[in-house]
Amino acid sequence: EAWCRVCTSDSVQPGKQQDALISGAAVLVGRYSNGKVWAISAKNSATGTEMYGAKVDEVANTLKDPQWGTQYSLVDGEVVGKWCPSPPIIGGLIG
């Protein structure tokens, strides 16, 4: 296990996101409204599309992919709920 600096702590305000390329991996970081930090892959694991702008559900600790609607846990990165739930027909084909 190792820690890697993604950005300075004051560059991401509560409720905001920032992405960075760290050792070849795209990383998305953000802050909850209470100031705590979260980080996850900046690429959707299903399609490789950008996760920047994804909606954070602070109660469920999830990040919702802006294109396909898949929700990822901000605790362990696992999929929460349906895989690629939208659009209804195409999402099912991709997932």
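Residues numbered from 1 in each chain as written. Predicted model: local features only at pLDDT ≥ 70, side-chain atom pairs only at ≥ 80, totals over all residues. Heavy atoms only, no water.

Participant: Explain the overall build of the chain to me, please; I cannot follow it from the model alone.
Facilitator: Of the regular secondary structure elements, the chain holds one helix and seven strands. Helices and strands in the chain line up, N terminus first, as β-β-β-β-β-β-β-α. In summary, the chain has a C-alpha radius of gyration of 13 Å against a globular reference of 12 Å for 95 residues, a match within 12%. For the chain, the spread of C-alpha atoms along the three principal axes comes to 40 × 30 × 25 Å. Within the span of the chain, comprising 95 residues, buried residues form 28% of the whole. Pairs at least 24 apart in sequence give 19% of the contacts found in the chain among residues at least 6 apart. Total accessible area computed for the chain in this model is approximately 6100 Å², and 54% of it derives from carbon and sulfur atoms. Considering the chain, the positive charge centre built from 8 side chains and the negative charge centre built from 9 side chains are found 5 Å apart. (Helix = DSSP H or I, 4+ residues; strand = E, 2+ residues; numbered from the N terminus. Rg over C-alpha atoms; globule rule 2.2 N^0.38 Å. Buried < 20%, exposed > 50% of the residue type's maximum accessible area, 1.4 Å probe, protein only. Contact = heavy atoms within 4.5 Å. Areas by Shrake-Rupley, 256 points an atom, 1.4 Å probe, with all protein chains shown as cover. Lys, Arg positive; Asp, Glu negative; His and termini not counted. Charge placed at Lys NZ, Arg CZ, Asp CG, Glu CD.)

Participant: Even after reading the chapter, I still don't get the sheet that holds strand 1 (residues 17–22), so can you show me in this structure?
Facilitator: Across a sheet, paired strands are connected by hydrogen bonds in the backbone, their directions being either parallel or antiparallel. Taken together, three strands build an open sheet; the order of strands is 1-2-3 and the sheet is antiparallel. Strands with a single pairing partner mark the edges of an open sheet, and in this sheet they are strand 1 and strand 3 (37–41). The average angle at which neighbouring strand axes cross in this sheet is 25°, direction not considered. Pairing analysis gives six bridges linking strand 1 to strand 2 (residues 25–31), with the strands arranged antiparallel. Note that in strand 2 the partner of Q17 across the bridge is G30. (Pairing = 2+ DSSP bridges. Axes fitted to C-alpha atoms, helices over the stretch in contact; angles between N-to-C directions.)

Participant: How should the sheet that holds strand 6 (residues 71–73) be read in this particular structure?
Facilitator: Within the open sheet, the four strands sit side by side as 4-5-6-7. Their pairing is antiparallel. Edge strands, defined here as strands with exactly one partner in the open sheet, are strand 4 (55–57) and strand 7 (79–80). Two elements, strand 4 and strand 5 (residues 62–64), share three bridges in a ladder whose sense is antiparallel. Following the sheet pairing, K55 is matched in strand 5 by K64.

Participant: What am I meant to see in the environment of S73 here?
Facilitator: One can find S73 in strand 6. Not counting the four nearest positions on each side in its chain, S73 is found in contact with I40, N61, T62, E78 and V80. A polar contact is formed between the side chain of S73 and the backbone nitrogen of V75, at a distance of 3.0 Å. (Polar contact = N/O pair within 3.5 Å; in protein donor to acceptor, adjacent residues only side chain to side chain.)

Participant: Teacher, can you tell me more about the pattern of salt bridges here?
Facilitator: Once their charged atoms are close, side chains differing in charge can pair, the charge on each being opposite to the other. One pass over the full model with this rule turns up one salt bridge. Put simply, E50 and K43 hold a salt bridge, and the shortest N to O gap is 2.9 Å. (Salt bridge = Lys/Arg side-chain N within 4 Å of Asp/Glu carboxyl O.)

Participant: Looking at this model, I keep getting lost on the nonpolar core. Mind explaining?
Facilitator: Counting 10 residues, the largest nonpolar core is built from L28, Y32, W38, I40, A42, M51, A54, L63, Y72 and L74. Among all residues touching I40, those that are not within four sequence positions of it are A26, V27, L28, L63, Y72, S73, L74 and G77. Counting residues in hydrophobic clusters, the runner-up holds five residues, among them V12, A20, V27 and V29. (Core = buried A, V, L, I, M, F, W, Y, C linked by side-chain atoms within 4.5 Å.)

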